[in-house]
Every structure is written in structure tokens, then in C-alpha cells.
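One-letter residues, chain by chain:
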There are 2 protein chains.
Amino acid sequence: MTPDLLARLREQVKSNPQTVTEVIDQIKAPDAAELINELSLEDAAMTLMMFPIEEAVAIFNEPSCERRHEIMEILESDRAAEVLKKISSDERSHVIRRLTPEGRAKLVPTLPENLQAEMRMLLQFPPTTAGGIMSTEYMHLSPDSSVSEAINHVRANSRQRLHIYSCYVLDDESRLLGAISLRDLVIASPGKAVQDVMRKYPISVHCLDDQEKVARILAKYNLLAVPVVDDSKKVLGFVTIDDALDVIIEEHTEDVHKLGGMQALEEPYLASSVFDMVKKRVGWLIVLFLGEMLTANALGYFEEELDKALVLALFVPLIVSSGGNSGSQATSLIIRAIALNEAKPSDWWRVMSREIASGLVLGGVLGGLGFLRIAIVSMFSTTYGEYWFFIAITLFFTLVGVVLLGTLAGSMLPFLLKRIGFDPAAASAPFVATLVDVAGLILYFTLASLILKGRLL
Amino acid sequence: MTPDLLARLREQVKSNPQTVTEVIDQIKAPDAAELINELSLEDAAMTLMMFPIEEAVAIFNEPSCERRHEIMEILESDRAAEVLKKISSDERSHVIRRLTPEGRAKLVPTLPENLQAEMRMLLQFPPTTAGGIMSTEYMHLSPDSSVSEAINHVRANSRQRLHIYSCYVLDDESRLLGAISLRDLVIASPGKAVQDVMRKYPISVHCLDDQEKVARILAKYNLLAVPVVDDSKKVLGFVTIDDALDVIIEEHTEDVHKLGGMQALEEPYLASSVFDMVKKRVGWLIVLFLGEMLTANALGYFEEELDKALVLALFVPLIVSSGGNSGSQATSLIIRAIALNEAKPSDWWRVMSREIASGLVLGGVLGGLGFLRIAIVSMFSTTYGEYWFFIAITLFFTLVGVVLLGTLAGSMLPFLLKRIGFDPAAASAPFVATLVDVAGLILYFTLASLILKGRLL
């Protein structure tokens, strides 16, 4: 759909929702879902009443239709029941999970008994497992049928609008024997048995596997879908690559939020309440604040030195921020390398030696700049006093040290977290910075005591 | 493949590569690619010589086989030529782009003339555009053939091991008329014309569209593949959802690196040279360092106040880090919301009002903790002197102020960057922190002057 058409339709929906059917034919469901997102709940429900039922079903099938569970509750009950019956099983369980208890009590009994039983089965899986996100409408074939019988079966049982990702070949107890794509069926000789043309040992996932693991398997093996089995290898459903794409995007959002030093939001930013958002942010902020309080202790410990050489105080923010910045770079590099399996826990010493080299070079560059600043200012003024050279030397070595500390803490912390069973992404930039700050200040004043003793101190 | 088998195979490849063929039958190509990644170049080439040709081709078809272009150059030339001829067109152009000039000169002329012409066409597209990542082996049908003729055409032209994502219906000048899935062909009546059963107005992308845009379109419209067309709507090839998945994962890596305050690495972490890595990191570190130098100027400006009330210096790192941490949270929230299109540039004032509310609450919490610390310490000691209450009040209001500054800078900077045409992800945590630090110090000493005047100052 062209942006022009979208703009025109948006105008029309806003100004005169009654006439919207005129343009419906040209709309694709994801675009319609975006429009629905912009309307009030009441207008959204009204608009969905005006769409032909197939269009309404297609829109409710879109995960991007943000408030579909809320809309479902205020739709006229006949239409709600019909939509709920016709959407795909994974989206149905997604919506039902989010209904209010009243909504559930009202809507679930309108489903045919077989779908109700299926829902009971799906809802028992945690929502972020393979079982929680799978669809159940797979095409199953028996091993002894011929290829032409199989094609006829597909023809008779294929539902409108649904892709057929793969057909699964099951034994009498619904256990997975093999998989066969429609293409393989079409090019096979019609008289052969399905079991002779299917692919054996297909990859499958367990119903309680985490959705992230499922997504990684789909991506790694270039699969369009993967069957989901239970303990006895019985096929329960399948997860498709477009579900995996949604999972990967969701997990990435979580990672970015954690990297920013907070708990991940579950809802889109503007859809979360301010209260909820503060709740996700305040915990880490407090932890970091309490950790950072140690800097006040460290500075208090060196108060005598500060009193004698107040000039040292001027560079405190510069020093702590340099450690934090180099740590932030290192942790974002390593978190991503771990997530992509480019760096394994056993690689920690390779990473460490690389980060020592990088830290020394980067620290040398920043230290040099710090030295230059003091030297240049001292050519034209007496700001830094007669011992400016020794102050500059102190700053140089401190910067080399804190940048090195930053790269080491930033690169090793994700490995450590992973080793003790936490998410490496919790090694956020602020967390690393806080760790480095106290150490950086201690280094600074220790070096200053050594270099400036008998001069300023 | 089970981890056991993988471990066994890894052992075997390492200890006795000659016997590896015994276990080859059970390996899937992505697992084999992982193994190959762990070998030296020479061993990798030797192992690939021992695999049956279909297996070798399957491994070279894996983007996860990291050094396939380097391996290609040292393979025996007959095998290299055969692999290059048989891999899919998108992987072939990927590999050829990365060959040395000598490798190219040696290998490209071994391709059949039609593939050489195709390569010339593909290589003219920038590598991150639709044209640069597309495959050319699509199934094309003419609008007037019957469904049964179309199925026969598919049967005759379907290449081993390749999915058929969709068949495209083209006119005499190769312009896109419609798309039809194999499922639609199978369930349609055999006598109908293709143009009567195809889906009209299929979504397509332009060959120069950025790969990120192509990935978003595939994800949004739940497509398994999207056709790539040129200016005259002629179909050149198609991009599949598994390519899109690779693109999205790559873009995520870029975002995380930028968020960490550096340029994105192009190669995997351990595959990049230390020199290259330092180059990507040093630029931003210098910019941030120069910006942060302003804190030394600010503190220099308030040196007199510091001299009178040295106790103020103790809280400098605590204050600047609190602004940085709240800014880091806000920027990671907003960058992700912008990337997911959850927050549009026109939403900036809604975001701002939410961030003002959050900033005040979060600042109040941290300010309260800061106040408590001074109060509690002052019950038991004289560390903060007789005016501890006023110092605590100064710290409270400063923390409210810097946390608010942090949330505002962190949330508005991504919008600003997007507006002026930059990547919002450049609003890294360190960048936001640097912006807030100077302002935070000025606020601190200004409040201190007001509150402590006639007391400490």
C-alpha cells in the first residue's frame, strides 16, 4: 500500500469512518492494524464491525494490532465469537491469555468444544515457551499414503490464507517420523509412498523449550517452521519463522533496555503507564546509586590530599567518565558477541588479552590528550601552578589505568554473569561504570600521592 | 544434531580428519559450518575436499561459514569452480565480493557464461541493498498458462534443496503481474489460467532499497519472500525471510555497538583485528573526552566555592553518575521505541511529558537517599560539619535536577538526531552522560551558592 493511500485512508477513517469500506479492498492487514492502533478503542471496535469478516479476522491475526484483546471485549459478541473462532490458534491463545476474567468467561464458551479443548492445552504452557507460541494447524500425513493421496489430502484440508510451511509425517501415536515440503510432494512420483520421499530425522523442539532457543534453531537451520513435540515425541504443533522474527525483535528490545541499566519493559513505551516505567527503572538506579556512594567515601578518605591540592578535584569527573565510557564500549561489544555465539565462555582469556591491548592504546590516547591540555593551559596561565608537569603526568597514568580498568571490567563482567547463570546483558554500561568509578578514584589519588609527594602533597 | 554427536565429530575432525566421512551423513550443514569455523584455513580446505560435493556446496551456502571466501581461494581449483557454480546466486555474489583480486581473476572465468553475466548484474548493486542480497533463482510463470501447466513447469525446474517461496507471474517484458504460492497452485482447479488464481498487486521492493527496509517489509507483511524489481518493474530476483533475519540480527549488533558509544564493528569480535577495533572505538572516546573536559572548566570556575566547602567535592561523582544513569535508561527506551516505530517524531511532546514525570519521581527517590545518607552519617560523626542539613538539602535538589536533566536529554536526543538525519542509536549512553555532566555540575554549585550562602560559602 502506498503512503498516499495510507494517508488518504487515515483521513477517511478519522473524519468519516462509515465510508471506510470503499477503500478496504486495497488495504493489507498489517496496514489496517496500524490504523486501528491510532483509533480510540470504541472507534477501533466500530471500524472492525464494518470490515468484512475475513478482513477483521486478518487484522486480529496481526500481533502488531496492539490492543486486540481489549477490542475483542467491546466488540458485539457475535462478531467477537466469530473472529475468535477463525483466527489462528497461536494468535487465539495470545489474545485469550490477555482477556480479563470476565472477557474470558464470556468469550471462551462461544468456541466449539474442540477449540476449547485445544485452548486448555495451549494455555497450560508458559507464554514464552515453544508450546506457548506454537500454532496447531499443521498438515499431517501418514507414512503409508501415496504421494498423490497426500496431495489430495493437502488440497482438501488446506485452510484459506494460511501458508503451508511443511507437512509432518506421523505414526499412529502422532509421533514425528519425518517432514516433507509441498515442493517435495509436487516433484515426487505420485505413486511413491510418503515415507520414501519424506526427510527423515527432522529437527524438532520440545514444548517447554524457551522461545529464544526456538528462534535460534529456526535461524540457524534456515527453517521456515519447526515442529513442537512433547516428552513422548508426539507432535503438538509448530513454530514458524515469522513467529521467530517477532521473538528475536522482542528479545533485542529486552537486551537494549537491560544495557541501558533497567529492567525490560514488557509493553511498548507509550503503552506502558508512567508508574510501570518508573518501577522498571528505579530498582537499578537505586543499586547503582548505592554503589556510587562509595565514591564519596573514597574521596572522603583522600580529603587531606584534596585539601592540599584542590587542583586534583578538577579532573575527577573526567577520570570517572573515561573509565565508564571505555567500559561501556567493551561491554556492548562482548554482550553482543556472546549473544551471537561469536565469543564462548572458553574464549575469555583471548578476549582479555585483546582488551588489555586495546585498553592500553585507548588509555594512552586519552592520557596524551589530558597531558596536552594541562601543558597547553600552563603555557599561557598559572592555573595548574608550578608543578603542572607532575599533575599532567599523574593525569596521564591515571587515564591509562582507568581506561584499562574499564575495558577489563566491561569485557569480563558479561562472562562472569553468564558463568553464574545471569543474563550477560545485565552488565549494563552504568553497572560497569559504577564498578570502575571507585577503583579509578583510588588509583588517581594513589598515583598523585606517589608523584606529587614533596611537591604539592 | 545432538551435542554429543557434535562433540564426537569435533574430536574426530581435530584428531583424524581423514576419517570424517564416516559421520558426515548425520551432519546438518550449519553444524558443519560451525566446525569448519574452528579449524585452521588449511584444515578447513582439506575437510571440505573430503566432503561429498553436495555437502560442500551446502556448507558454502551457509552465511555462518565465516571464512568461506578465504577457503575458496585455497581449495583445489576444480572443486572451487564446482562449488562456486552450484551455490545459490546470493551466496555466490557474497563470496565473490570478498575474494582477493587474484582469486576473482582465477575463479570467475570458470563460471558458465550465463552465471558470469548474472554476477556482473548482481555485483553492480551495493552490498547492503535489496539487489545486493537477493537471489535470482525464482520460479516464473506466464499469466496464460493453465494451473496444471504451471505445476509441470515447477516440477521440471525445481532445483534440489531449494525452498520454493513463491512463484512470480510475469508479462513478456518480465514485469511483475502477480504472485502465487505452491499451495495455491495445488488447490486450484487444474484447468484455470494462472492469472485467474494468482494474487494481484503483490508487494515488491526496489533493487536499490536498503536491506533494513526490505527486512522490515518482510517482517511486517509476514512474507516468506519479496520480489525485487527495477525502475521498469522488471523482476530481478527475490529476498527471503531468512535473509531478512540475518539482516535484522546484523542491524541489532550495529545498534548495540552504537549504544555502547562506538562505531559498529563489521566483522565478528574475535575475527576483527585489535587495530580495527581500536579504530572503531577511539573516535567516540576522543569526542566524549573533549566534551567531558568542560567539567574541568566548570569545576575550575567554582574553585573558590570548592576551596571554602571542600565537602562539596565529595559528591561530584555521585551527582554526575546519577544524571548519566537516568539518561542511559531514557535513551535506551526511546531508541528502541523509535526503531520499532512505537514512538514517532510527532510523539516527542508525549514522550517529554512522561519523562518529566518519571524524572521527578526517580530524582526524588535518589535525592531522598542522598539526603538520608548525610543525615545518618551526621548523627554519628561530624564529617559534614554543622551545616550538614543544608548540604543534604543541596544534594537533594541537585539530584532531582540532574536526574530530570538526564531523562530529558536521554529521551529528546534520539528524536533530535533522527530529525537532523542521523541514526537515533548514536545517542549512546556515554554521549548523553557527557551532555548532562557539565550541566549537572553547574546546577550543583549554583544551588550550593544559594543554599549555603552565609553558612559555608
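The rules behind these values
Residues numbered from 1 in each chain as written. Chains lettered and ligands numbered in written order. Predicted model: local features only at pLDDT ≥ 70, side-chain atom pairs only at ≥ 80, totals over all residues. Heavy atoms only, no water. Patch = residues over 30% accessible without salt bridge, like charges linked within 9 Å, V, L, I, M, F, W, Y side chains within 5 Å. Areas by Shrake-Rupley, 256 points an atom, 1.4 Å probe, with all protein chains shown as cover. Salt bridge = Lys/Arg side-chain N within 4 Å of Asp/Glu carboxyl O. Helix = DSSP H or I, 4+ residues; strand = E, 2+ residues; numbered from the N terminus. Contact = heavy atoms within 4.5 Å. Buried area = accessible area lost by both parts, 1.4 Å probe. Polar contact = N/O pair within 3.5 Å; in protein donor to acceptor, adjacent residues only side chain to side chain. Pairing = 2+ DSSP bridges. Axes fitted to C-alpha atoms, helices over the stretch in contact; angles between N-to-C directions. Parallel < 35°, antiparallel > 145°, perpendicular 65-115°, else oblique. Left-handed = near helix turned anticlockwise from the far one by under 90°. Nonpolar A, V, L, I, M, F, W, Y, C, P; charged D, E, K, R; others polar. Buried < 20%, exposed > 50% of the residue type's maximum accessible area, 1.4 Å probe, protein only. Domains from an automatic or database assignment. Least-squares fit on C-alpha atoms with pLDDT ≥ 70 in both. Phe/Tyr/Trp six-rings, centres within 6.5 Å; stacked < 30°, edge-to-face > 60°. Lys NZ or Arg CZ within 6 Å of the ring centre and 35° of its normal. Lys, Arg positive; Asp, Glu negative; His and termini not counted.

(A) A look at a nonpolar patch on the surface. Together, Leu372, Ile376, Met379 and Phe380 of chain A make up an exposed nonpolar region whose accessible area comes to about 480 Å². Within the secondary structure layout, Ile376 of chain A lies in helix 20 (residues 348-380).

(B) Representation of the interface of chain A and chain B in the model. Opposite the 109 residues of chain A that make contact, chain B presents 110 residues. Interface area lost by chain A to chain B is led by Tyr269, Leu270 and Arg354 of chain A, which between them contribute 8%. At the boundary of chain A and chain B, one finds six salt bridges. Here Lys220 of chain A and Glu34 of chain B are joined by a salt bridge, their closest N and O atoms 3.1 Å apart. One can count 38 residue pairs in polar contact (both at pLDDT 80 or more) joining chain A with chain B. Considering each element in turn, the side of chain A that touches chain B owes the most residues, 17 residues, to helix 17 (residues 274-301) of chain A.

(C) Fine view of the sheet that holds strand 6 (residues 225-229) of chain A. All names here are of chain A. The three strands are arranged 5-6-7 in an open sheet whose pairing can be described as mixed. Across the chains shown, the open sheet's two edge strands, defined by having one partner strand only, are strand 5 (205-206) and strand 7 (235-240). The pairing of strand 6 with strand 7 spans five bridges and is antiparallel. Among the inter-strand pairings, Pro227 is bridged to a residue of strand 7, identified as Phe238.

(D) Local environment of the packing of helix 19 (residues 316-339) of chain A against helix 21 (residues 388-419) of chain A. Residues and elements named next belong to chain A. Helix 21 packs onto helix 19 with a crossing angle of 30° between their chain directions and a minimal axis gap of 7 Å. Classified by the angle between their axes, helix 19 and helix 21 sit roughly parallel to one another. When the axes of helix 19 and helix 21 are compared, the crossing they make is right-handed. Counted together, Ile319, Ser322, Gly323, Ser326, Gly327, Ala330, Thr331, Ile334, Ile335 and Ile338 of helix 19 and Leu395, Thr398, Leu399, Val402, Val403, Gly406, Thr407, Gly410, Ser411, Pro414, Phe415 and Lys418 of helix 21 form the full contact between these two elements. Residue composition of the contact of helix 19 with helix 21, grouped by class: eleven nonpolar, ten polar and one charged.

(E) Representation of the pattern of salt bridges. Following the criterion strictly, the structure yields 35 salt bridges over all chains and no others. Among the ionic pairs, Lys308 of chain A bridges to Glu304 of chain A, the shortest N-O distance being 3.9 Å. Pair noted here: Lys308 of chain A and Glu304 of chain A are both in helix 18 (residues 303-308), with a separation of four residues, about one helical turn. Of the residues examined, Lys308 of chain A reaches a relative accessible area of 49% and is grouped as partly exposed. Using a relative accessible area of 55% as the deciding quantity, one classes Glu304 of chain A as exposed. We note a salt bridge from Arg175 of chain B to Asp171 of chain B, for which the minimum N-O separation is 3.1 Å. By relative accessible area, Arg175 of chain B is classed as partly exposed at 34%. A network of salt bridges, in which partner residues are shared, links Asp31 and Glu34 of chain A together with Lys220 of chain B.

(F) Just the domain arrangement of chain A, in detail. In terms of domains, chain A is made up of domain 1 (3-124), domain 2 (139-256) and domain 3 (269-452). Domain 1 of chain A and domain 3 of chain A are separated by 51 Å when their C-alpha centres are compared.

(G) Quick peek at the relation of the copies chain A and chain B. Expressed as a screw operation, the relation of chain A to chain B combines 0.0 Å of axial shift with a rotation of 180°, fitting to an RMSD of 0.1 Å. Interpreted geometrically, this transformation is the action of a two-fold axis. Both copies contact each other with a shared surface, as 100% of the interface residues of chain A are interface residues in chain B too.

(H) Region of interest: the pairing of strand 6 (residues 225-229) of chain B. Residues and elements named next belong to chain B. The element strand 6 is largely enclosed, with a buried count of five among its five residues. With two bridges joining them, strand 5 (residues 205-206) and strand 6 adopt parallel strand pairing. Among the inter-strand pairings, His206 is bridged to a residue of strand 6, identified as Val229. Hairpin connection, strand 6 to strand 7 (residues 235-240): the antiparallel pair is bridged by five residues, and Lys233 has positive phi, about 65°.

(I) Inspection of the pairing of strand 3 (residues 176-180) of chain A at higher detail. All names here are of chain A. In terms of burial, strand 3 is largely enclosed, as four of its five residues are buried. Where strand 2 (residues 167-170) meets strand 3, four bridges bridge the pair, whose relative direction is antiparallel. Its bridge partner being in strand 3, Cys167 is matched across the sheet by Ile180. Between strand 2 and the antiparallel strand that follows it, strand 3, lie five residues; Ser174 among them carries a positive phi value of about 65°. Where strand 3 and strand 4 (residues 199-200) come together, two bridges link them in antiparallel fashion. Among the inter-strand pairings, Gly178 is bridged to a residue of strand 4, identified as Lys200.

(J) Local environment of the packing of aromatic side chains. Counted by the stated rule, this structure contains 22 aromatic pairs over all chains. Seen from their ring centres, Phe371 of chain A and Phe389 of chain A are 5.8 Å apart, and the 90° between their planes marks the pair as edge-to-face. Of the two residues, Phe371 of chain A is situated in helix 20 and Phe389 of chain A in helix 21; the sequence distance between them amounts to 18 residues. Judged by relative accessible area, Phe371 of chain A falls into the partly exposed class, the value being 22%. For the ring pair Phe315 of chain B and Tyr384 of chain B, a centre distance of 5.7 Å and an interplane angle of 40° mean the geometry is tilted. Note that Phe315 of chain B is positioned in the loop between helix 18 (303-308) and helix 19 (316-339) and Tyr384 of chain B in the loop between helix 20 (348-380) and helix 21 (388-419), a separation of 69 residues in sequence. Pair check on accessibility: Phe315 of chain B and Tyr384 of chain B agree, each one buried. Every member of this aromatic cluster is reached through a ring pair, and the members are Phe371, Tyr387, Trp388, Phe389 and Phe390 of chain A. Sitting above the plane of the Tyr269 of chain A ring, Arg354 of chain B keeps its charged end 4.8 Å from the centroid. Cation over ring: Arg455 of chain B sits above Phe390 of chain B, and NZ or CZ is 3.7 Å from the ring centre.

(K) Spotlight on the packing of helix 5 (residues 53-60) of chain A against helix 7 (residues 77-86) of chain A. Residue and element names in this part refer to chain A. One can describe the packing of helix 5 onto helix 7 by two numbers: an axis separation of 9 Å at closest approach and a directional angle of 60°. The handedness of the crossing between helix 5 and helix 7 comes out as right-handed. Where helix 5 abuts helix 7, its residues Ile53, Ala56, Val57 and Phe60 lie against Arg79, Glu82, Val83 and Lys86.

(L) Representation of unusual backbone geometry. Despite not being glycine, Tyr201 of chain A has its phi angle at roughly 45°, a positive value. The residue Tyr201 of chain A is located in the loop between strand 4 and strand 5 in this model.

(M) Looking closely at the side chain of Arg373 of chain A. Along the chain, Arg373 of chain A turns up in helix 20. Of the side chains with opposite charge, Glu303 of chain B lies nearest to the buried Arg373 of chain A, which makes no salt bridge, at 9.8 Å. For Arg373 of chain A, the side chain forms a polar contact with the side chain of Asn297 of chain B, separated by 2.8 Å. Those residues within four positions of Arg373 of chain A in sequence are excluded, and the remaining contacts are Tyr384 of chain A together with Met293, Ala296 and Asn297 of chain B.

(N) Region of the structure containing the side chain of Ser326 of chain B. Its place among the elements puts Ser326 of chain B in helix 19. Its relative accessible area of 0% is what places Ser326 of chain B among the buried residues. Residues in contact with Ser326 of chain B, not counting those within four places in the same chain, are Arg281 and Leu285 of chain A together with Val402, Val403, Gly406 and Thr407 of chain B.

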